[in-house]
Amino acid sequence: MNVAMWIVQALLALVFLFSGSMKFVMSVEEMTKQMSMPGWFLHFIGVCEVLGGLGLILPWLTGIRPGLTPLAAAGLVIIMIGATVISLMISDIAMAFIPLVVGILAAFVAYGRWRLTPLRG
């Protein structure tokens, strides 16, 4: 189970580090073409995604405050719930499937690191 958790954590970390950093690389005008959200909010979500991606890996890897890993995953679940709802509002059900699956994987990490494979201290 620990190996499966690490694989999912690494994949999710890559997804969130990429999507969060893209919110700073792309212009606000480009990002707001599809959804009418303020630029500051999109940047805030980008910061949360980058920090969440780091939080999926670093605490558990270093053993420093490993309880932050399931909390980071739970925070990313909240972000993915919002992304799923926004995707349903601006497009079809098929586009909402991606954030839904990513949210389910983040919930798997949150539960798994909290209950299934707790770090032994």
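Here, the structure is the one placed above.
One structure accompanies this document, and this report is about it. (Residues numbered from 1 in each chain as written. Predicted model: local features only at pLDDT ≥ 70, side-chain atom pairs only at ≥ 80, totals over all residues. Heavy atoms only, no water.)

Working note: a packed helix pair is described by the angle between its axes plus the distance between those axes. Axis separation between helix H1 (residues 2-25) and helix H5 (residues 93-116) bottoms out at 10 Å; the angle between their running directions is 135°. With respect to their mutual orientation, H1 and H5 come out oblique. In terms of crossing hand, the pair formed by H1 and H5 is left-handed. In contact with Asn2, Met5, Trp6, Val8, Gln9, Leu12 and Phe16 of H1, H5 contributes Val102, Leu105, Ala106, Phe108, Val109, Gly112 and Arg113. Class assignment of the residues belonging to the contact of H1 with H5 gives a composition of ten nonpolar, three polar and one charged. (Axes fitted to C-alpha atoms, helices over the stretch in contact; angles between N-to-C directions. Helix = DSSP H or I, 4+ residues; strand = E, 2+ residues; numbered from the N terminus. Parallel < 35°, antiparallel > 145°, perpendicular 65-115°, else oblique. Left-handed = near helix turned anticlockwise from the far one by under 90°. Contact = heavy atoms within 4.5 Å. Nonpolar A, V, L, I, M, F, W, Y, C, P; charged D, E, K, R; others polar.)

Our next topic: the layout of surface pockets. In this structure, the largest pocket encloses a volume near 1,000 Å³. For the lining of the largest pocket, the elements supplying multiple residues, two or more each, are H1, helix H2 (28-31), helix H3 (39-62), helix H4 (68-90) and H5. The element contributing the most residues to the lining of the largest pocket is H4, with seven residues. Looking at the lining of the largest pocket residue by residue, the classes come out as 20 nonpolar, five polar and three charged. (1 Å grid on protein atoms, 1.4 Å probe; cavity = no way out; pocket = protein on both sides within 12 Å on 5 of 7 lines; lining within 4 Å. Points joined across faces, edges and corners; volume = space filled by probe spheres on them.)

Counting through the fold element by element, Thr84 comes out in helix H4. On the basis of relative accessible area, Thr84 is assigned to the buried category, the value being 13%. Dropping the residues within four chain positions of it, Thr84 is found in contact with Ala96, Pro99 and Leu100. (Buried < 20%, exposed > 50% of the residue type's maximum accessible area, 1.4 Å probe, protein only.)

Function-wise, these values are silent; they only describe arrangement.
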